[in-house]
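# Secondary and tertiary structure notes
Chain by chain, the residues:
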Amino acid sequence: MLNRPVLVPSGAPIAVIAPSGAHNVERFEAGMQLARAAGLNPVSTPGMLQPDRYLAAPDIVRLRQLQHALSDPSIAAVWAARGGYGLTRILDRIDFEDVTRKAVIGFSDLTALFSALSGTRARCVHGPVVHSLPITDEASIDHLARLLGGQPVEPLE
């Protein structure tokens, strides 16, 4: 078992943002319920879904939501609603000097953000996006919740 630091204190808010592609609302809500059932406190960002073609919202909206989530010290973590494409369109406009210590969770399009966050106080967690939780096995969801809570976890094979 590997011991890890607490990334998200119990009950602390996790800002759920949509920096990339648009998501299916029903599947997203099912993912939010699964996250809550795992003991996490995900909070949807108001207005995060304003579809603009294949994107979750226009670039400026996604940028503002991402910047706020990364820099607000009252937010313990940032979790992507969905991956896909679109984050790289706004990456060069993020103020990385303003990033506070927090976990950033996701995969796919978030990989570019993880690279850009190198050298900041953020802690990147390559894990499922909220939209993919309904198709993620229960053991993996539990592993993520334990990892975020600083509980011992088995290494993934």
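The shown structure was predicted, so the numbers you read here are calculated from the model rather than taken from an experiment.

Reading guide: rules and limits
Residues numbered from 1 in each chain as written. Predicted model: local features only at pLDDT ≥ 70, side-chain atom pairs only at ≥ 80, totals over all residues. Heavy atoms only, no water. Helix = DSSP H or I, 4+ residues; strand = E, 2+ residues; numbered from the N terminus. Rg over C-alpha atoms; globule rule 2.2 N^0.38 Å. Buried < 20%, exposed > 50% of the residue type's maximum accessible area, 1.4 Å probe, protein only. Contact = heavy atoms within 4.5 Å. Areas by Shrake-Rupley, 256 points an atom, 1.4 Å probe, with all protein chains shown as cover. Pairing = 2+ DSSP bridges. Axes fitted to C-alpha atoms, helices over the stretch in contact; angles between N-to-C directions. Polar contact = N/O pair within 3.5 Å; in protein donor to acceptor, adjacent residues only side chain to side chain. Phe/Tyr/Trp six-rings, centres within 6.5 Å; stacked < 30°, edge-to-face > 60°. Right-handed = clockwise from strand over helix to strand, strands pointing away.

### Remarks on the overall build of the protein chain
Within the protein chain one finds four helices and five strands. Its helices and strands in sequence order give the protein chain the pattern β-α-β-α-β-β-α-β-α, from N to C terminus. In terms of overall size, the protein chain behaves like a compact globule, its C-alpha atoms giving a radius of gyration of 14 Å where 157 residues would be expected to give roughly 15 Å. For the protein chain, the spread of C-alpha atoms along the principal axes amounts to about 40 × 35 × 30 Å. With 157 residues in all, the protein chain has 49% of them scored as buried. Pairs at least 24 residues apart make up 70% of the contacts formed inside the protein chain by residues separated by at least 6 positions. In the structure as shown, the protein chain presents an accessible area of about 7700 Å², 53% of it carried by carbon and sulfur atoms.

### What to know about the sheet that holds strand β5 (residues 122-126)
Spatially, the five strands line up as an open sheet ordered β2-β1-β3-β4-β5, and their pairing is parallel. In the strand order of this sheet, the two ends are held by β2 (41-44) and β5, each with one partner. Averaged over all neighbouring strand pairs, the angle between strand axes comes to 25°, with direction disregarded. Strand direction decides the pairing type here: strand β4 (residues 102-106) and β5, joined by five bridges, are parallel. Each residue of the ladder has a partner; that of Ala103, found in β5, is Arg123.

### Some remarks on the side chain of Arg62
Within the secondary structure, Arg62 sits in helix α2 (residues 59-71). Within the local environment of Arg62, its side chain forms a polar contact with the backbone oxygen of Ala57, the two atoms lying 2.7 Å apart. With sequence-adjacent residues up to four places away left out, Arg62 is seen in contact with Ala18, Pro19, Ser20, Leu55, Ala56, Ala57, Gly86, Leu87, Arg89 and Ile90.

### Considering the packing of aromatic side chains
Applying the stated criterion to the full structure yields one aromatic pair. Look at Tyr54 and Tyr85: their rings are 6.0 Å apart centre to centre, the planes differ by 45°, and that puts the pair in the tilted class. Taken together, the residues Tyr54 in the loop between β2 and α2 and Tyr85 in the loop between β3 (77-80) and β4 connect sequence positions 31 residues apart. Assessed through its relative accessible area of 38%, Tyr54 is described here as partly exposed.

### Focus on helix α4 (residues 138-148)
Because each turn of an α-helix spans 3.6 residues, side chains separated by three or four positions in sequence point in the same direction. Among all positions of α4, only Ile141, His143, Leu144, Ala145, Leu147 and Leu148 are buried. Downstream of α4 by one or two residues, Gly150 has phi in the positive range, about 80°.

### A word on the pairing of β2
Examined bridge by bridge, strand β1 (residues 13-17) and β2 share four bridges and lie parallel to one another. Residue pairing for β2: Ala15 is matched across the bridge by Val43. Crossover handedness for the path β1 to helix α1 (residues 25-37) to β2: right-handed.

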